[in-house]
Amino acid sequence: MKSKQQIGQEYRIKTLKFLACVGYATTRQISMAVLGACDVSSRKMAGRTIRRLRVLGYLAEKRDGNSVAGELMVALNRAGVAALAEFVELPDGRAHARDWLRHAHKHRTACNSVFAALTRGLDEHIGYSELQIRAGSALTKLLVFSYKDDEGNSLQKIPDLLLQGVSGPIWVEVENGYRGARDFQKLIWFLRRIFEHPAPLADKVWFVVTAAGAKTIGKRLRAALTHLSDSGYPRQIRELDARILSERLAVYRLDADLLKLTQLPLL
């Protein structure tokens, strides 16, 4: 049976690893990612872990200006990265994460909450965070999906998050606001291009709603991918869109307080 000291050390190591993945995190995100829950008890435990790491001199911190409660956000400083060296390194081999914390923005913060919710309590993370995808130059090249729209224009897209699912990679789009008409049309073109191949880059695409402005994304996807026989679309497109809608997509809503995901109906 593990002692309290051993358990505390494991929590600290998992917290350091999670911070290395996402760049910076809130107490709630650390609670979910490290302990697998975000209830009051788990948040208190995460808070104790953070305080211990702060005493050790491993963390930089700031308050989230976009949060009503001004939630504390923490990141690894140089000492924290040095302490983590035997486990993992920061993206791009950074010496510290202060810059990411200093320039924290709403979309990355939302992505980090979703990443924590998806990888809850796992000893090893089963995917790549938004920071890793955008900061890791070699990795980004592997995840860039190049395609053409219906007008022949070349476009590129990378996921917000990428997970390893049972049947293959899961491309995750974090919906932190309403998509305009042009951006939404690019999304539909992307879905058709990525899934028209017999061996697509991703097995599924998940959409996670993290803001009220994005709550209609499932309804909009259903409307865009559902066609009557006399809609004017070729049969191949109608059949492809039907397969995408029924087999390849899922929409979830994130509870910002408990960091729990609830699947929303598409059909």
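To keep things clear, this report deals only with the structure shown in the data block. Keep in mind that what you see is a predicted model, and the values were worked out from it rather than measured.

Some thoughts on the nonpolar core
Then comes step 1: Judged by nonpolar contacts, the single largest core of 49 residues is most densely connected at F18, I30, L76, V114, L161, V172 and W206.
Then comes step 2: No other element matches helix α6 (residues 106-118), which puts seven residues into this core.

Considerations on the packing of helix α2 (residues 27-35) against α6
Then comes step 1: Across the interface, α2 lies against α6 with an axial gap of 8 Å and an inter-helix angle of 25°. Relative to α6, the element α2 lies roughly parallel. As for how α2 packs across α6, the hand of that crossing is left-handed. Side by side, α2 and α6 meet where Q29, M32 and A33 of the first sit next to T109, N112, S113, A116 and A117 of the second.
Then comes step 2: Grouping the amino acids of the contact of α2 with α6 by side-chain chemistry returns four nonpolar, four polar and no charged.

Re the pairing of strand β5 (residues 145-148)
Then comes step 1: Here β5 shows a buried face lined by F145 and Y147 and an unburied face lined by S146 and K148.
Then comes step 2: Count of turn residues in the β5/strand β6 (residues 154-157) antiparallel hairpin: five residues, of which G152 carries a positive phi of about 85°.

Notes on the sheet that holds strand β3 (residues 72-76)
Then comes step 1: Read from one edge to the other, the open sheet built from three strands follows the order β1-β3-β2, with strand pairing classed as antiparallel. Strand pairing shows two members of the sheet lacking a second neighbour, β1 (25-26) and β2 (59-63), which therefore form its edges.
Then comes step 2: Inspection of the sheet shows β2 paired to β3 by five bridges, in the antiparallel sense. Residue pairing across strands places K62 opposite M73, the latter belonging to β3.
Then comes step 3: Packing of helix α3 (residues 40-55) onto the sheet brings it into contact with β2 and β3, and relative to β2 it is tilted by some 125°.

Side note on the packing of α2 against α3
Geometrically, a packed helix pair is captured by the angle between its two axes and the distance between the axes.
Then comes step 1: Relative to each other, α2 and α3 sit at 100°, their axes nearing to 8 Å. Taken together, the axis directions place α2 and α3 in an arrangement best described as roughly perpendicular. Here T27, R28, I30, S31 and L35 of α2 come into contact with α3, specifically with S42, R43, M45, A46, G47 and I50.
Then comes step 2: Per-class residue counts for the contact of α2 with α3 are five nonpolar, four polar and two charged.

Some points on the environment of E175
Then comes step 1: Here E175 lies in strand β8 (residues 169-175).
Then comes step 2: Along the chain, E175 and V205 lie 30 residues apart, while their C-alpha atoms are 12 Å from each other.
Then comes step 3: The contacts of E175, once residues within four sequence positions are left out, are F207, V208, V209, T210, A211, A214 and I217.
Then comes step 4: Separated by 2.9 Å, the side chains of E175 and R179 make a polar contact.

Quick look at the side chain of R108
Then comes step 1: Within the secondary structure layout, R108 lies in helix α6.
Then comes step 2: Residue classification places R108 among the buried positions, given a relative accessible area of 10%.
Then comes step 3: Residue contacts for R108: discarding those within four places in its chain leaves V22, Y24, W100, E130, L131 and R134.

As for the side chain of D203
Then comes step 1: As for its placement among the helices and strands, D203 is situated in the loop between α9 (181-195) and β9 (204-209).
Then comes step 2: Look past the residues within four positions of D203 in its chain and what remains in contact with it is S167, G168, P169, F195 and R248.

Thresholds, definitions, all that
- Residues numbered from 1 in each chain as written.
- Predicted model: local features only at pLDDT ≥ 70, side-chain atom pairs only at ≥ 80, totals over all residues.
- Heavy atoms only, no water.
- Core = buried A, V, L, I, M, F, W, Y, C linked by side-chain atoms within 4.5 Å.
- Buried < 20%, exposed > 50% of the residue type's maximum accessible area, 1.4 Å probe, protein only.
- Helix = DSSP H or I, 4+ residues; strand = E, 2+ residues; numbered from the N terminus.
- Axes fitted to C-alpha atoms, helices over the stretch in contact; angles between N-to-C directions.
- Parallel < 35°, antiparallel > 145°, perpendicular 65-115°, else oblique.
- Left-handed = near helix turned anticlockwise from the far one by under 90°.
- Contact = heavy atoms within 4.5 Å.
- Nonpolar A, V, L, I, M, F, W, Y, C, P; charged D, E, K, R; others polar.
- Pairing = 2+ DSSP bridges.
- Polar contact = N/O pair within 3.5 Å; in protein donor to acceptor, adjacent residues only side chain to side chain.

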